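# Observations on the three-dimensional arrangement
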Amino acid sequence: MQEGRQIKVGVLGATGTVGQRFITLLAAHPWFVIDALGASSRSANKPYAKAVKWKQTTPIPSTVRDLIVVECTPQHFANCAIVFSGLDADVAGDIEAAFRSAELAIFSNAKNFRRDPHVPLIVPLVNAYHLSMIPQQQSLHSPPLKKGFIVTNANCSTTGYVIPLAALEKAFGPIESALVTTMQAVSGAGYPGISSLDIMDNVIPYIGGEEEKMEWETLKILGGIAEGDDGIKSFDMHSRHPLRVSASCNRVPVIDGHTECVSVRFARRPPPSPQQVREAMAAFSPDAQALGCPSAPRHTIQVHEEPDRPQPRLDRYYQDGAGVSVGRVRQCQVLDIKFVVLANNVSIGAATSSIINAELAVLKGVVPS
């Protein structure tokens, strides 16, 4: 990446809550410059400030207030080297596929391509090396592509807890089993989200599809890449060391910040002690940090010694929401180790992950700079 070089980017779903978060982060980015904002036909042809119902805590960035919103078609994004997708899943699939076919690099927050066997599902603080699957994705596309591809980031609830799991596997080898119970913020349901009469003074012990997503996404993210006899690569879904995951997901009356209670069992016997686990998490340093991604946290996992931390209100903005906080690390009487993790679901759990993924792609030469 050349010093001072600016890369034009676009945002799909720019008027939605994820799109707004993309814009807030990109407006201050040292490399990326917003060139195009895409939304539905209802919003197209209007200045962004008049098209959006702004729900962020900071004002609409001056650089985009008067930018005219366009429809989500590739020709409007022809000048962009990177396109970020904050589209809803009900429309994301066809639109993102069309952009890829038009030789555009898509970094998506939507779920539509996460299960695709050739599309990387990347938590940028965990499995940046999965970007190596992009050339195969391009070559197997019909017709083959030179620049177009899709990279997805994970579900917000998955992202938070796979970061400490990755730290533990790096230090102590494979994890055999993981139990996770989530307390997920209402912002994860989008805007306008859950009715106040449903969530106030209440906990909702069901989030449609969430538990299944956590259970299989974990395997794709923490797993490796295998190559078959035909030379075709695939994600091995942690098959070399089978990992069982059981997730229980709950919606709670918190605005931002997903809290998750996690228990794990290691293949290694005897397992590490709680103190060894604390030290391994605190020392964890991902590739995104080493490579100098500007949006990556300077310190990935904050390990709390206090018995009542982490808490959403106190800890969700750790490292501007790009890092995660862990506390209550202790021995588990059923498995080996248990702990609590807190992650900002609208930052590292959403737009921040996509942006760091794009930074990684630039630094690794996947996207020309």
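Our subject is the structure that appears above.
Overview of the structure. (Residues numbered from 1 in each chain as written. Predicted model: local features only at pLDDT ≥ 70, side-chain atom pairs only at ≥ 80, totals over all residues. Heavy atoms only, no water.)

## Structural notes on the packing of aromatic side chains
Here is the rule: In summary, the pairing rule links any two rings of Phe, Tyr or Trp, Trp by its six-membered ring, whose centres are within 6.5 Å, and it sorts them by plane angle into stacked for under 30 degrees, edge-to-face for over 60 and tilted for everything else. Burial status follows relative accessibility: with a 1.4 Å probe on protein chains alone, a residue under 20% of its type maximum counts as buried, one over 50% as exposed, and anything between as partly exposed.
Following the criterion strictly, the structure yields eight aromatic pairs and no others. When the ring of Trp31 is compared with that of Phe32, the centres are 6.0 Å apart and the planes differ by 85°; the resulting orientation is edge-to-face. Trp31 gets classed as buried once you look at its relative accessible area, which sits at 12%. When the centroid spacing of 6.2 Å and the interplanar angle of 85° are considered together, the rings of Tyr48 and Trp54 count as edge-to-face. In this structure, Tyr48 and Trp54 share a single accessibility class: buried. Here the aromatic residues Phe22, Trp31, Phe32, Phe84, Phe107 and Phe149 are joined through ring pairs into a cluster of three or more.

## What about the pairing of strand S6 (residues 149-152)?
Heads up, the rule is: Helix and strand assignments follow DSSP, with helices taken as H or I runs no shorter than four residues and strands as E runs no shorter than two, numbered in order from the N terminus. Pairing between two strands requires that DSSP report at least two bridges joining them.
Here S6 shows a buried face lined by Phe149 and Val151 and a second buried face lined by Ile150 and Thr152. Of the strand pairs in this sheet, strand S5 (residues 105-108) and S6 are connected by four bridges, and their pairing is parallel. By the bridge assignment, Ser108 is partnered in S6 with Thr152.

## Here we look at the nonpolar core
Selection rule: Among buried residues, the Ala, Val, Leu, Ile, Met, Phe, Trp, Tyr and Cys ones that are joined through side-chain atoms within 4.5 Å form a nonpolar core. Residues are treated as being in contact if the distance between any of their heavy atoms lies within 4.5 Å.
With 82 residues, the main nonpolar core has Phe32, Tyr48, Ile82, Phe84, Phe107 and Phe339 as its most contacted residues. Apart from the residues within four sequence positions on either side, Tyr48 is in contact with Ala14, Thr15, Gln20, Ile23, Leu37, Trp54, Ile60, Val64, Arg65, Leu67 and Val69. Counting residues in hydrophobic clusters, the runner-up holds 17 residues, among them Ala36, Leu87, Ile106 and Val119.

## Focus on the sheet that holds strand S10 (residues 244-251)
To be explicit about the condition: To define axes, lines are fitted to C-alpha atoms, for helices over the stretch in contact only, and angles between the resulting N-to-C directions are given on a 0 to 180 degree scale.
With mixed pairing, six strands are arranged side by side in an open sheet as S10-S7-S11-S14-S13-S12. Each edge of the sheet is formed by a strand with only one pairing partner; in this case those strands are S10 and strand S12 (301-303). Pairs of neighbouring strands in the sheet enclose a mean axial angle of 20°, with direction left out of account. Across six bridges, the pairing between strand S13 (residues 324-331) and strand S14 (residues 337-343) is antiparallel. Counted as the bridge partner of Val326 is Val341 from S14. Docked against the sheet, helix H6 (residues 156-172) engages strand S7 (175-184), S10, strand S11 (258-266), S12, S13 and S14, running at close to 30° with respect to S11.

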